[in-house]
Amino acid sequence: MIQAARGTYDILPSDVGRWQFVERELRAVFERYAFSEIRTPAIEPTELFVRGVGAETDIVSKEMYTFVDRDGTTSLTLRPEGTAPVVRSYIQNRMSAESRMLKLYYIGPMFRRERPQKGRYRQFHQVGAEVLSSTDEPAIEAEVIEMLTLLFARLGVQGVTLEVNSVGCPACRGPFVERLREAIAARGSELCADCRRRGERNPMRVFDCKVAACQGTIAELPALHASLCDACAAHFGRFRGYLDDRRIRYTVEERMVRGLDYYMRTAFEMKSAALGAQDAVAAGGRYDWLAEALGGPPTKGFGFAMGLERLILSMPETESGHAATGPDYFLATIGDEPFRHAALLARRLREAGASVYLDFDRRSLKSQMRLADRLGARSVVMIGDDEVKSGKLTVRNMSTREQIEVTGDDLVETVRSHANS
Ligand code: HAM
């Protein structure tokens, strides 16, 4: 038997209602905040992520699904995240010409070759939002986080905590990174080979190390937070002020650096108590230099992405939005002529607006009735030779068990008038 690839899974019809419910809620909330949807390809040139996310990050150095296209000319990658693709599209499609704040959102699959466990998959789904504009005013950062809190409230997700930090800008990070590089070199013997390599090439990435033996030393390395320049400290102060205005609670995590290179200044993570080890449900931050790094015009950026699997795992069971989806009509037939009659009636009922289940397996009436019950059909229309001859169909209401006789035309008319009311 061929199984789904490791770290991937099917969303079965019995679960898809929950996904559709969440997606509907997400779109409704994004609309309220004036975000528009953008859909970018699932494959991108590898260079986009190398330059955008950073060659030394775990995502780019260890987790990407990368392949050379069949003509041997291009290296392509299944997108591991959505920010770099959105910024690529923004540049390519000259969206900056609109000279207004662009608020974009996306929902779709992402791919990372991580070790699968609960809440961590190799194909997973993110919903994300990116705000691109000419201003780095932190009010929009607080508004985006407020939008997330509204979304959690609508989905009944409780116990989400917010952690924030500032990861500085090139002005304050430059001198800090040199200090960090020296500190790492001085304690190199206590660190793993990955840490030592990163210490030379991209010292901030040392904070991503998950090797248990390194953690004690990493905790004693200097933290950027204490060396922020005045402009970054002021930005962070204003951001916190906007959160306070909204009564949004948070903690400052001075050592949070986030695992992608494009961040500067504000970074945040939201964690859900309902999840296990993989408890980050949403995360994001500011990336004011990314558009330029990808060859575009100077543009300020801020955004987040949320793992849909983790969001759904954090929702209470009752918040499934799983309304009964049984058909309006189950057409039960006995014999060939009634089946042909029913197939045409099914089409008219569907055109009029009803959902119709036609049994193609041609089982006995008794088992058709059982199936109709199991599917949650609201009514069963019984069609045999007599019904075809007389033109009168028997319609049974499955909840009251009442039966009435109507013509096909009347039934179609009833459906049409309901659909229009
Ligand atoms: P990220 O922190 O790499 O950020 O991912 C964001 C969220 O995606 C995580 O908090 C988690 O919920 C989910 N996620 C990540 N990897 C997996 C996985 N293997 N399985 C299941 N869920 C996962 C980004 O991707 C940035 N692009 C966020 C951003 C947008 N920053 C600015 N704009």
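The structure reproduced in this document is the subject of the present report. (Residues numbered from 1 in each chain as written. Predicted model: local features only at pLDDT ≥ 70, side-chain atom pairs only at ≥ 80, totals over all residues. Heavy atoms only, no water.)

1. A look at the environment of C169
Moving on, step 1. Tracing the backbone through its elements, the reader meets C169 in the loop between β7 (160–166) and α6 (170–186).
Moving on, step 2. Expressed as a C-alpha distance, the spacing of C169 and E114, which sit 55 residues apart in the sequence, is 29 Å.
Moving on, step 3. Among all residues touching C169, those that are not within four sequence positions of it are C229, C232, M264 and R265. (Helix = DSSP H or I, 4+ residues; strand = E, 2+ residues; numbered from the N terminus. Contact = heavy atoms within 4.5 Å.)

2. Comments concerning the nonpolar core
Moving on, step 1. Counting 51 residues, the largest nonpolar core has V87, L132, C195 and I218 as its most contacted members.
Moving on, step 2. For this core, the elements supplying multiple residues, two or more each, are α2 (46–54), α3 (58–63), α4 (83–92), β5 (102–111), β6 (123–133), α6, β9 (264–272) and α10 (290–293).
Moving on, step 3. When near neighbours in sequence (up to four residues on either side) are disregarded, C195 contacts I184, V206, C209, C214 and I218.
Moving on, step 4. In this structure, I140, L275, F304 and M306 belong to the second largest nonpolar core, which totals 41 residues. (Core = buried A, V, L, I, M, F, W, Y, C linked by side-chain atoms within 4.5 Å. Buried < 20%, exposed > 50% of the residue type's maximum accessible area, 1.4 Å probe, protein only.)

3. Section: the site of the ligand
Moving on, step 1. As a structural note, the neighbourhood of the ligand is formed by 26 residues, with E81, E114, Y121, E130 and Y263 the closest of them.
Moving on, step 2. Within the contact set of the ligand, a nitrogen atom lies 2.7 Å away from a side-chain nitrogen or oxygen of E81.
Moving on, step 3. Within the backbone of F304, one N or O atom sits 3.3 Å away from a nitrogen atom of the ligand.
Moving on, step 4. In isolation the ligand offers 660 Å² of accessible surface; the protein chains occlude 96% of this area.
Moving on, step 5. Those elements that place two or more of their residues in the shell around the ligand are β6, β10 (280–286) and β11 (300–307).
Moving on, step 6. In terms of residue count, β10 provides more of the shell around the ligand than any other element does, six residues in total. (Near = heavy atom within 4 Å. Polar contact = N/O pair within 3.5 Å; in protein donor to acceptor, adjacent residues only side chain to side chain. Areas by Shrake-Rupley, 256 points an atom, 1.4 Å probe, with all protein chains shown as cover.)

4. Thoughts on the side chain of E56
Moving on, step 1. Its place among the elements puts E56 in the loop between α2 and α3.
Moving on, step 2. You can call E56 buried: its relative accessible area is 10%.
Moving on, step 3. Once you skip the residues sitting within four places of it in the chain, E56 turns out to touch S61, R197, R198, R201, N202 and R205.

5. A closer look at the side chain of T266
Moving on, step 1. Residue position: T266 is located in strand β9.
Moving on, step 2. There is a polar contact of 2.7 Å between the side chain of T266 and the side chain of E141.
Moving on, step 3. Apart from residues no more than four positions distant in its own chain, T266 is found in contact with E141, N165, H235, F239, G284, G285, R286 and F302.

6. With respect to the sheet that holds strand β4 (residues 75–78)
Moving on, step 1. With respect to topology, three strands assemble into an open sheet ordered β2-β4-β3, the strand pairing being antiparallel. Two strands lie at the open edges of the sheet, namely β2 (43–45) and β3 (65–68), each paired on one side alone. Between one strand and the next, the sheet's axes are offset by a mean angle of 30 degrees, whatever the strand orientation.
Moving on, step 2. Sheet topology places β2 next to β4; three bridges connect them, and they run antiparallel. In the sheet register, I43 faces β4, and the bridge partner there is L78. (Pairing = 2+ DSSP bridges. Axes fitted to C-alpha atoms, helices over the stretch in contact; angles between N-to-C directions.)

7. Some points on the layout of surface pockets
Moving on, step 1. Volume-wise, the second largest pocket comes out at about 350 Å³.
Moving on, step 2. Breaking the lining of the second largest pocket down by element, the ones donating at least two residues are β15 (392–397), β16 (403–407) and α15 (408–420).
Moving on, step 3. Among the elements that line the lining of the second largest pocket, the one with the most residues is α15, at five residues.
Moving on, step 4. In terms of residue class, the lining of the second largest pocket is built from seven nonpolar, seven polar and five charged. (1 Å grid on protein atoms, 1.4 Å probe; cavity = no way out; pocket = protein on both sides within 12 Å on 5 of 7 lines; lining within 4 Å. Points joined across faces, edges and corners; volume = space filled by probe spheres on them. Nonpolar A, V, L, I, M, F, W, Y, C, P; charged D, E, K, R; others polar.)

8. Some remarks on the packing of aromatic side chains
Moving on, step 1. Taken as a whole and judged by the stated rule, the model has nine aromatic pairs.
Moving on, step 2. Ring geometry for F30 versus F35: centroids 5.6 Å apart, planes at 55 degrees, classification tilted. Of the two residues, F30 and F35, neither departs from the other in class, the shared state being buried.
Moving on, step 3. Arranged with centres 5.6 Å apart and planes meeting at 65 degrees, the rings of Y262 and Y287 form a pair that is edge-to-face. Residue Y262 is located in the loop between β8 (251–252) and β9, and its partner Y287 is located in the loop between β10 and α10; the two are separated by 25 residues in the primary sequence.
Moving on, step 4. Y262 gets classed as buried once you look at its relative accessible area, which sits at 1%.
Moving on, step 5. An aromatic cluster of three or more residues is present, and its members are F30, F35 and Y105.
Moving on, step 6. Over the aromatic face of F339 sits the side chain of R362, whose NZ or CZ is 4.3 Å from the ring centroid. (Phe/Tyr/Trp six-rings, centres within 6.5 Å; stacked < 30°, edge-to-face > 60°. Lys NZ or Arg CZ within 6 Å of the ring centre and 35° of its normal.)

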